[in-house]
Amino acid sequence: MMSRSYTNLLDLASGNFPVMGRERDRRRMSRVMTVPGSICELDDDQAVSVSSDNQSSLAGDRMIVVANQLPLKAKRRPDNKGWSFSWNEDSLLLRLKDGLPEDMEVLFVGSLSVDVDPIEQDDVSSYLLDKFRCVPTFLPPNIVEKYYEGFCKRHLWPLFHYMLPFSPDHGGRFDRSMWEAYVSANKMFSQKVVEVLNPEDDFVWIHDYHLMVLPTFLRRRFNRLRIGFFLHSPFPSSEIYRTLPVREEILKALLCSDLVGFHTFDYARHFLSCCSRMLGLEYQSKRGYIGLEYYGRTVGIKIMPVGIHMGHIESMKKIADKELKFKELKQQFEGKTVLLGVDDLDIFKGINLKLLAMEHMLKQHPSWQGQAVLVQIANPMRGKGIDLEEIQAEIQESCKRINKQFGKPGYEPIVYIDRSVSSSERMAYYSVAECVVVTAVRDGMNLTPYEYIVCRQGVSGAETDSGVGGPDKSMLVVSEFIGCSPSLSGAIRINPWNVEATAEAMNEAVSMAEQEKQLRHEKHYRYVSTHDVAYWSRSFLQDMERTCADHFRKRCYGIGLGFGFRVVSLDPNFRKLSIDDIVNAYIKSKSRAIFLDYDGTVMPQNSIIKSPSANVISILNKLSGDPNNTVFIVSGRGRESLTKWFSPCRKLGLAAEHGYFLRWEREQKWEVCSQTSDFGWMQLAEPVMQSYTDATDGSCIERKESAIVWQYRDADSGFGFSQAKEMLDHLESVLANEPVAVKSGQHIVEVKPQARITYPNFHMF
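All values reported here derive from a predicted model rather than from experimental measurement. (Residues numbered from 1 in each chain as written. Predicted model: local features only at pLDDT ≥ 70, side-chain atom pairs only at ≥ 80, totals over all residues. Heavy atoms only, no water.)

1. Here we look at the overall build of the protein
Argument step 1. Scanning the protein from N- to C-terminus turns up 23 helices and 28 strands.
Argument step 2. Among the 765 residues that make up the protein, the fraction classed as buried is 53%.
Argument step 3. Here the protein displays about 35,300 Å² of accessible surface, and carbon together with sulfur accounts for 49% of that area. (Helix = DSSP H or I, 4+ residues; strand = E, 2+ residues; numbered from the N terminus. Buried < 20%, exposed > 50% of the residue type's maximum accessible area, 1.4 Å probe, protein only. Areas by Shrake-Rupley, 256 points an atom, 1.4 Å probe, with all protein chains shown as cover.)

2. Description of the side chain of Lys704
Argument step 1. Of note, Lys704 is situated in the loop between strand 25 (700-703) and strand 26 (708-711).
Argument step 2. Sequence-distant contacts of Lys704, defined by excluding residues within four places in its chain, comprise Gly636, Arg637, Glu657, Met682, Val709 and Glu750. (Contact = heavy atoms within 4.5 Å.)

3. Quick look at helix 8 (residues 247-254)
Argument step 1. All of the buried residues in helix 8 are Ile250, Leu251, Ala253 and Leu254. Seen along its axis, helix 8 keeps its buried residues to an arc of 160°; they face one direction. (Arc of directions from axis to C-beta.)

4. Concerning the sheet that holds strand 26
Argument step 1. Overall, antiparallel pairing links the four strands, which are arranged 25-26-28-27 in an open sheet. This sheet does not close on itself; its edge strands, each paired only once, are strand 25 and strand 27 (740-745). The mean inter-strand angle of the sheet, taken between neighbouring strand axes irrespective of direction, is 15°.
Argument step 2. Pairing between strand 25 and strand 26: four bridges, direction antiparallel. Bridge pairing in strand 26 places Arg703 opposite Ile708.
Argument step 3. Strands strand 25, strand 26 and strand 28 (748-753) of the sheet are contacted by helix 22 (residues 682-695), whose axis makes an angle of about 10° with strand 26. (Pairing = 2+ DSSP bridges. Axes fitted to C-alpha atoms, helices over the stretch in contact; angles between N-to-C directions.)

5. Here we look at the packing of helix 11 (residues 325-332) against helix 14 (residues 423-432)
Argument step 1. Running from N to C, helix 11 and helix 14 point in directions that differ by 45°, and their axes come no closer than 9 Å. By the angle class used here, helix 11 and helix 14 are oblique. The two elements helix 11 and helix 14 meet at a crossing, and its hand is right-handed. Here Lys325, Phe326, Leu329 and Lys330 of helix 11 lie close against helix 14, whose contacting residues are Ser424, Glu425, Met427, Ala428, Tyr429, Ser431 and Val432.
Argument step 2. For the contact of helix 11 with helix 14, the per-class residue count stands at six nonpolar, two polar and three charged. (Parallel < 35°, antiparallel > 145°, perpendicular 65-115°, else oblique. Left-handed = near helix turned anticlockwise from the far one by under 90°. Nonpolar A, V, L, I, M, F, W, Y, C, P; charged D, E, K, R; others polar.)

6. Some details on the nonpolar core
A general feature of soluble globular proteins is that nonpolar side chains tend to end up buried together.
Argument step 1. Of all hydrophobic cores here, the largest spans 180 residues; its most connected members are Val66, Tyr147, Met212, Phe235, Ile250, Phe271 and Val375.
Argument step 2. Here this core gets ten residues from one element, more than from any other, and that element is helix 5 (residues 176-196).
Argument step 3. If we ignore the near neighbours within four places in the chain, the residues touching Ile250 are Leu156, Trp179, Met212, Val213, Tyr241 and Leu244.
Argument step 4. In terms of nonpolar packing, the next biggest core, distinct from the first, is built from 20 residues, Trp710, Tyr712, Ala715 and Leu735 among them. (Core = buried A, V, L, I, M, F, W, Y, C linked by side-chain atoms within 4.5 Å.)

7. Regarding the sheet that holds strand 24 (residues 671-672)
Argument step 1. Strands sit in the order 20-21-22-23-24 across an open sheet of five strands; the sheet is mixed. The open sheet has two edge strands, strand 20 (592-597) and strand 24, and neither has a second partner.
Argument step 2. In the sheet, strand 23 (residues 661-663) pairs with strand 24 via two bridges, with the strands oriented antiparallel. Residue pairing for strand 24: Phe661 is matched across the bridge by Val672.

8. Examining a nonpolar patch on the surface
Argument step 1. There is a patch of nonpolar side chains on the surface, built from Leu577, Ile579, Ile582, Val583, Tyr586 and Ile587 and spanning about 600 Å² of accessible area.
Argument step 2. With respect to the helices and strands, Ile582 occurs in helix 19 (residues 579-588).
Argument step 3. A relative accessible area of 41% means that Ile582 is categorised as partly exposed. (Patch = residues over 30% accessible without salt bridge, like charges linked within 9 Å, V, L, I, M, F, W, Y side chains within 5 Å. Salt bridge = Lys/Arg side-chain N within 4 Å of Asp/Glu carboxyl O.)

9. What to know about the packing of aromatic side chains
What describes a pair of aromatic rings is the distance from one ring centre to the other and the angle between the planes of the rings.
Argument step 1. One pass over the structure, following the stated rule, counts 34 aromatic pairs.
Argument step 2. Ring geometry for Phe262 versus Phe271: centroids 5.3 Å apart, planes at 40°, classification tilted.
Argument step 3. Residue classification places Phe271 among the buried residues on the basis of a relative accessible area of 0%.
Argument step 4. Taking 4.9 Å as the distance between ring centres and 85° as the angle between the ring planes, the aromatic pair formed by Tyr294 and Tyr295 counts as edge-to-face.
Argument step 5. Residue Tyr294 is classed as buried on the basis of its relative accessible area of 5%.
Argument step 6. Here a set of aromatic residues connected by ring pairs shows up, and it is made of Tyr147, Phe151, Phe174, Trp179, Tyr182, Phe189, Phe217 and Phe563.
Argument step 7. Here the guanidinium or amino end of Lys97 rests over the ring plane of Trp87, the centre of that ring lying 5.1 Å away.
Argument step 8. When the ring centre of Tyr586 is taken as reference, the NZ or CZ atom of Arg592 above it lies at 3.9 Å. (Phe/Tyr/Trp six-rings, centres within 6.5 Å; stacked < 30°, edge-to-face > 60°. Lys NZ or Arg CZ within 6 Å of the ring centre and 35° of its normal.)

10. Section: the pattern of salt bridges
Argument step 1. Counted under the stated rule, the structure contains 35 salt bridges.
Argument step 2. Taking the shortest distance from any N to any O, the salt bridge between Asp599 and Arg637 comes out at 2.9 Å. Note that Asp599 is positioned in the loop between strand 20 and helix 20 (614-625) and Arg637 in the loop between strand 21 (629-634) and helix 21 (639-645), a separation of 38 residues in sequence.

11. What to know about the confidence of the model for the protein
Argument step 1. Model confidence for the protein is summarised by a mean pLDDT of 85, while 87% of its residues fall at 70 or above.
Argument step 2. In this model, residues 1-60 is a region of pLDDT below 50 whose contacts with residues beyond four sequence positions or in other chains number 145 contacts. (pLDDT = per-residue confidence, 0-100.)

12. Focus on the pairing of strand 21
Argument step 1. For strand 20 and strand 21, the ladder comprises six bridges, and the chain directions are parallel. In the sheet register, Leu596 faces strand 21, and the bridge partner there is Ile633.
Argument step 2. After leaving strand 20, the chain enters helix 20 and then returns to the sheet as strand 21, a path that is right-handed.
Argument step 3. With three bridges connecting them, strand 21 and strand 22 (residues 653-656) associate as parallel partners. Bridge assignment links Ile633 to a residue of strand 22, and that residue is Leu654. (Right-handed = clockwise from strand over helix to strand, strands pointing away.)

13. Considering unusual backbone geometry
Argument step 1. Unlike most non-glycine residues, Tyr295 shows phi in positive territory, near 55°.
Argument step 2. With respect to the secondary-structure elements, Tyr295 resides in the loop between strand 10 (289-294) and strand 11 (297-303).
Argument step 3. A positive phi angle, near 50°, is found at Glu657, a position not held by glycine.
Argument step 4. Locating Glu657 in the fold gives a position in the loop between strand 22 and strand 23.
Argument step 5. Residue classification places Glu657 among the buried positions, given a relative accessible area of 7%.

14. Structural notes on the pairing of strand 13 (residues 372-379)
Argument step 1. With seven of eight residues buried, strand 13 is to be regarded as a mostly interior element.
Argument step 2. Sheet topology places strand 12 (residues 337-344) next to strand 13; eight bridges connect them, and they run parallel. Bridge pairing in strand 13 places Asp344 opposite Asn379.
Argument step 3. Strand direction decides the pairing type here: strand 13 and strand 14 (residues 414-417), joined by four bridges, are parallel. The partner of Gln376 across the bridge, within strand 14, is Tyr416.

15. Topic: the packing of helix 10 (residues 310-322) against helix 14
Argument step 1. Two numbers describe how helix 10 lies on helix 14: the axes approach to 8 Å, and their chain directions differ by 85°. Relative to helix 14, the element helix 10 is oriented roughly perpendicular. Contacts between helix 10 and helix 14 involve Ile313, Met316, Lys317, Ile319 and Ala320 from the first element and Ser423, Ser424, Met427 and Ala428 from the second.
Argument step 2. Of the residues in the contact of helix 10 with helix 14, the class split is six nonpolar, two polar and one charged.

16. Some thoughts on the environment of Gly300
Argument step 1. The residue Gly300 is located in strand 11 in this model.
Argument step 2. Taking the C-alpha atoms as reference points, Gly300 and Asp543, separated by 243 residues in sequence, lie 8.0 Å from one another.
Argument step 3. With residues up to four places along the chain from it excluded, the contact list for Gly300 reads Asp258, Leu259, Val260, Ile290, Gly291 and Thr547.

17. So, helix 18 (residues 533-547)
Argument step 1. An ideal rise of 1.5 Å per residue puts 21 Å on 15 residues; helix 18 measures up with 21 Å between its terminal C-alpha atoms.
Argument step 2. Listing the buried residues of helix 18 in full gives Val533, Ala534, Trp536, Ser537, Ser539, Phe540, Leu541, Asp543, Met544 and Thr547. (Expected span 1.5 Å × (residues − 1).)

Following this line, the structure appears as structure tokens:
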């Protein structure tokens with residue numbers, strides 16, 4: 001059953017959304033939390049989670065692929081009665097099926113690129129599900145405008161490409177109504193997934209930044225659902241990402257996935273850094289797999305660049321050959337050396353930088369004048385905005401200037417194609433180009449170099465009627481800021497902002513010896529042909545299965561409201577303590593020992609005021625005043641501070657420095673619970689700690705009677721963590737022959753006696 005629609009977008013965007021589904025369909029589950037937090041979060045009235053036992057009408061082991069748009073083409077029938085649909089052969093989502101098991105059914109959930117009248121939507125939905133296994137999501141026009149053109153294109157897309165809204169005309173200020181529309185749209189996508197979902201058997205694979213909060217909606221309803229997310233765009237550094245006002249909401253939503261995928265390690269590293277700096281999470285690498293521990297769940301991090309579909313490229317080449325496009329272009333550029341650029345027309349593709357580099361090459365190397373031609377294909381604009389109009393005007397002005405300066409009858413150094421180019425025509429251009437140049441200043445994967453490499457391998461290695469055989473050499477000049485750059489080790493990598501260096505790289509690429517071009521091409525082709533889109537999807541599915549392997553071996557509990565919702569995963573033998581059972585046991589018992597940790601339990605961990613309040617003192621006096629109770633405060637703090645703070649508590653016991661010092665009541669003396677009396681090791685440890693303190697802003701040394709602690713809670717989290725690891729190794733080396741233990745904790749490194757501690761008058765502790 002579809003869940004209710006939201007009626008208040010302000011509640012939606014603030015994260016205070018209700019649980020999907022009708023109240024009578026929900027099943028209450030108890031919740032627990034094993035990390036520091038507020039006890040009130042576990043109140044059964046605050047959050048309700050539905051277990052993954054709902055059955056849909058469709059069963060079986062399936063992959064549900066969710067993306068902003070379905071891999072379909074749609075157009076009105078000539079008689080204007082109904083629609084005609086066909087597969088979009090260029091869609092990456094359509095091709096990922098090749099890497100999945102043959103018996104795995106694939107369903108697609110997404111929107112259409114056309115507006116379907118509400119009265120036709122039911123018929124279209126039934127037809128697409130039956131004929132294409134597609135489930136369309138029909139978004140209202142007012143939502144589409146603010147969701148896609150608004151939040152996606154004006155906020156997320158520029159930010160992920162390192163563009164900050166410094167002024168209203170440069171990127172646009174954050175608009176909360178657009179965020180509300182984004183959340184609402186993601187909610188609508190989740191409803192469509194729920195309609196066809198079999199939560200016990202299905203995998204859900206969510207794609208790209210348009211649907212980054214979708215995992216929260218699905219996880220909130222199905223605790224054990226297997227969810228993967230892949231980001232096809234760059235993920236910015238933490239310094240850029242943390243400028244986003246809804247930064248934590250998006251991070252927490254992504255962490256509701258089981259596996260989060262990125263094209264490159266750089267993108268993954270930025271994501272992990274954001275999780276560390278904003279959520280306090282640290283990642284671990286186990287046997288080559290990176291994982292984030294998040295409330296008992298391990299969220300896997302997948303680093304795997306997407307590939308191309310070899311069969312589709314080959315078929316497009318054959319079509320181009322059949323249409324004589326190869327022959328036509330070969331005649332057009334006969335005797336010329338063709339450099340090629342294929343880019344979407346947007347502000348991040350660096351097209352004008354490429355034109356300036358070509359101009360510089362012609363100036364610095366006059367031998368290329370009349371010989372070298374840069375063909376630049378600019379795919380039509382995908383969005384709106386004054387920036388695009390300005391960049392288009394700049395490109396046209398550069399083309400005009402360069403052609404006027406270096407052109408002559410029968411020769412134009414710049415051939416600018418600002419129209420939509422078919423796939424087959426694009427393949428023909430690839431085949432006649434000696435070099436492909438990509439100068440994007442920031443981009444996701446960018447599959448243009450991969451397509452070019454395959455096209456230069458020839459059509460099945462055979463000579464064709466058009467005279468184009470199998471040119472087995474190719475050259476690439478690629479920006480170091482694009483996702484495919486790390487996988488193309490034979491390419492000439494450039495900083496596109498350095499026009500002079502880019503010009504020299506272009507000259508080097510077309511001047512290189514034929515044998516070296518061939519060797520570079522062969523290396524690239526081996527990689528591209530073996531790491532295709534099927535390899536990518538197969539690898540992602542395998543990692544999803546591995547990450548989700550223990551889903552049904554653990555007890556899962558949903559806690560939290562809004563985007564603070566998360567699933568706590570615990571050992572199956574874990575049982576939540578019942579308040580009623582505790583109260584009954586307390587009343588019946590005649591002798592009780594109560595141990596209370598201080599920082600983080602009696603007092604909030606992040607409280608600046610460390611001394612207990614009057615209310616805390618009053619409660620402790622009531623507890624310790626009961627003759628049947630023995631109450632102890634256990635703390636890592638020194639006995640001087642504890643003596644001062646708890647002087648009003650006559651019967652309260654204190655264990656200072658984690659039990660090294662013990663005092664049963666206020667009127668008794670402190671007892672030393674260790675046989676260790678030699679603290680000469682402190683003279684060795686303190687200078688080491690001091691050197692790291694001097695080098696780490698925000699860190700300090702806390703000297704105790706029995707231990708010495710270096711804490712970096714106020715330092716930069718990443719640098720402090722790195723320094724702590726280095727210090728731990730350093731201290732272990734320096735103190736190897738001393739009777740001490742060196743340990744790391746939460747933002748601390750501590751050195752304390754290794755000697756066994758004994759507690760006088762205790763039969764059990």
